[in-house]
Amino acid sequence: MIKKCMFPVAGYGTRFLPATKSMPKEMLPVVNKPLVQYGVEEALDADLTEICLVTGRGKRAINDFFDISFELEHQIAGTDKEPYLASIRDVIARGKFATTRQSEMKGLGHAILTGELLVGNEPFGVVLADDLCVCEEQGVMAQLVEIYRRTKCSVIAIEEVDEAEVSKFGVIAGVEEEPGLYAVTDMVEKPEAKDAPSNLAIIGRYVLTPYIFEILRHTPPGKNGEVQLTDALLTMAKTSKVLAYKFKGRRFDCGSVDGYVEATNYVYKNIYLQDKFS
Ligand code: UTP
């Protein structure tokens, strides 16, 4: 059974400067909730209740967010503002939270290896909170966990993107074993369109076996001088098996300003207003 979900949240978020100069990107609100809350809710809905945060300098607001604020609770208890706290109270009640810090930003692969301390020798989920995913029924993490339970393989979420967009993503090539489920044969981080093995892009949701830590320990820095998770996953695909699943739902790239604005408009119209008036 998978219980843990890792959130690498140490990145600088330079695309959102100056907003992210003294505030974590993951705390940017999409309507009334910070990005990281959407990700944690998705993990909890998949029964991954042990939340492992890999933070860094300037990210204390994330730790505080998942802790009880006694002053605020005291001020708001019994008032008509209390419902505004309901969703975060629920998250804090359902989850257990642990933190470690990535002392140097050496890439996503390095952040995940840093999180080994919290995860140990068991399979685990990974959520990149700047990818906000909206699904009709099951969340993406629950979809991946279901595939892991059947196959016991590492699984990554993918989606089809326009050819012009492939250079923003890790891209896979694979053999389709079931509708929408591929055995990965190749993987390239942010390829030029002409070098891309397909238009199947990796998004920020994974279920990984602990073998990934062993591989990451021996993965040299790749693109941009960072330890790339994609490089480690390719090694895993070649030495054991990695599956890629075309998840059911919609993803917004909230690491970019355009995607963030799109997500905000979508969530306001389709989730916030619906819940508010239901
Ligand atoms: P990104 O490259 O999208 O995030 O990394 P970033 O570096 O914060 O953003 P920009 O490009 O400067 O605007 C994807 C995820 O990996 C985490 C980030 O926090 C983000 O969730 N990450 C990245 C780390 O935790 N540590 C790193 O060293 C790099």
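Think of each chain on its own: its residues are numbered from 1, step by step along the sequence as written. Whole-chain, interface and lining totals are the exception, using all residues; otherwise, since this is a predicted model, local features are given only for residues with pLDDT of at least 70 and side-chain atom pairs are given and counted only at 80 or more. As a rule here, side-chain values cover all heavy atoms of the structure and leave hydrogens and water aside.

Quick word on the pairing of strand 4 (residues 50-55)
Next up, step 1: For every residue, the accessible area (1.4 Å probe, protein chains only) is compared with the maximum for its type, and the residue is labelled buried under 20%, exposed over 50%, or partly exposed between those bounds. Where helices and strands are cited, they refer to DSSP runs of H or I of at least four residues and of E of at least two residues respectively, numbered from the N terminus. Of all six residues in strand 4, six are buried, a share of seventy percent or more.
Next up, step 2: Side chains Glu50, Cys52 and Val54 of strand 4 all project onto a buried face; the interleaved residues Ile51, Leu53 and Thr55 project onto the opposite face, where all are buried too.
Next up, step 3: Each pair of strands is called paired provided DSSP finds at least two bridges between the two strands. Sheet analysis places strand 1 (residues 4-8) next to strand 4, joined by five bridges and oriented parallel. Across the sheet, residue Met6 finds its bridge partner in strand 4, namely Cys52.
Next up, step 4: As defined by bridge partners, strand 4 adjoins strand 5 (residues 96-101) across six bridges and the pair is classed as parallel. The partner of Glu50 across the bridge, within strand 5, is Lys96.

Considering the pattern of salt bridges
Next up, step 1: Each salt bridge in this description consists of a side-chain nitrogen of Lys or Arg and a carboxyl oxygen of Asp or Glu lying within 4 Å of one another. All told, the structure shown has 23 salt bridges when counted by the stated rule.
Next up, step 2: Among the ionic pairs, Glu26 bridges to Lys59, the shortest N-O distance being 2.8 Å. Here the residue Glu26 occupies a position in the loop between strand 1 and strand 2 (29-30), and Lys59 occupies one in the loop between strand 4 and helix 2 (60-65), the gap between them amounting to 33 residues.
Next up, step 3: Among the residues examined, Glu26 registers a relative accessible area of 5% and is labelled buried.
Next up, step 4: When the shortest N-O distance is used, the salt bridge between Lys168 and Glu165 registers 3.3 Å.
Next up, step 5: Under the relative-accessibility criterion, Glu165 is labelled partly exposed at 30%.
Next up, step 6: Salt bridges sharing common partners tie together Lys3, Lys4, Glu50 and Glu122.

Looking at the nonpolar core
Next up, step 1: Grouped together as the largest cluster of nonpolar side chains are 41 residues, with contacts concentrated most on Cys5, Phe7, Val40, Leu48, Ile51, Phe66 and Met141.
Next up, step 2: Looking at this core element by element, the count peaks at seven residues for helix 7 (residues 140-151).
Next up, step 3: Nonpolar core, defined: a set of buried Ala, Val, Leu, Ile, Met, Phe, Trp, Tyr and Cys residues in which side-chain atoms within 4.5 Å join the residues together. Listed in part, the 33 residues of the second largest apolar core include Leu118, Val126, Leu200 and Leu234.

What about the site of the ligand?
Next up, step 1: Looking at the ligand, there are 17 residues lining it, with Gly11, Gly13, Thr14, Arg15 and Gln102 nearest.
Next up, step 2: Whenever two N or O atoms come within 3.5 Å, that pair is a polar contact, provided that in protein one can donate a hydrogen and the other can accept it, and provided that, for residues adjacent in sequence, both atoms are side-chain atoms. Here an oxygen atom of the ligand sits 2.9 Å away from a polar atom, N or O, in the main chain of Gly13.
Next up, step 3: At 2.7 Å, a side-chain N or O of Gln102 approaches a nitrogen atom of the ligand.
Next up, step 4: Accessible surface is estimated by sampling points in the Shrake-Rupley manner with a 1.4 Å probe; for residues, cover comes only from the protein chains shown. Here the ligand, which alone exposes 570 Å², has 83% of that area covered by the protein.
Next up, step 5: Of the residues that constitute the shell around the ligand, the class distribution is seven nonpolar, five polar and five charged. Any residue with a non-hydrogen atom lying within 4 Å of a molecule or strand is treated as near it. When residue character is reported, Ala, Val, Leu, Ile, Met, Phe, Trp, Tyr, Cys and Pro are called nonpolar, Asp, Glu, Lys and Arg charged, and the others, Gly included, polar.

Re the packing of aromatic side chains
Next up, step 1: Between 30 and 60 degrees the pair is tilted, below 30 it is stacked and above 60 it is edge-to-face, where a pair is any two Phe, Tyr or Trp rings, Trp via its six-membered ring, whose centres lie within 6.5 Å. Evaluation of the coordinates by the stated rule reveals six aromatic pairs.
Next up, step 2: When the centroid spacing of 5.2 Å and the interplanar angle of 5 degrees are considered together, the rings of Phe124 and Phe213 count as stacked. One end of the pair, Phe124, is in strand 6 (residues 124-127); the other, Phe213, is in helix 8 (residues 211-217), with 89 residues separating them in the sequence.
Next up, step 3: Ring centres 5.2 Å apart and planes at 45 degrees place the aromatic pair Phe252 and Tyr266 in the tilted group. Remark: Tyr266 occurs in helix 10 (residues 257-277) and Phe252 occurs in strand 13 (residues 250-253); sequence separation between them is 14 residues.
Next up, step 4: With a relative accessible area of 1%, Phe252 lands in the buried category.
Next up, step 5: Classification of Tyr266 by relative accessible area gives partly exposed; the value is 23%.

Examining the environment of Pro8
Next up, step 1: Along the chain, Pro8 falls in strand 1.
Next up, step 2: We classify Pro8 as buried; its relative accessible area is 11%.
Next up, step 3: C-alpha of Pro8 to C-alpha of Ala129: the two residues are 121 residues apart in sequence and 8.2 Å apart in space.
Next up, step 4: Any two residues whose heavy atoms approach within 4.5 Å are treated as being in contact. Discounting residues that sit within four places of it in the chain, Pro8 has contacts with Val54, Leu108, Ala111, Ile112, Val126, Val127 and Leu128.

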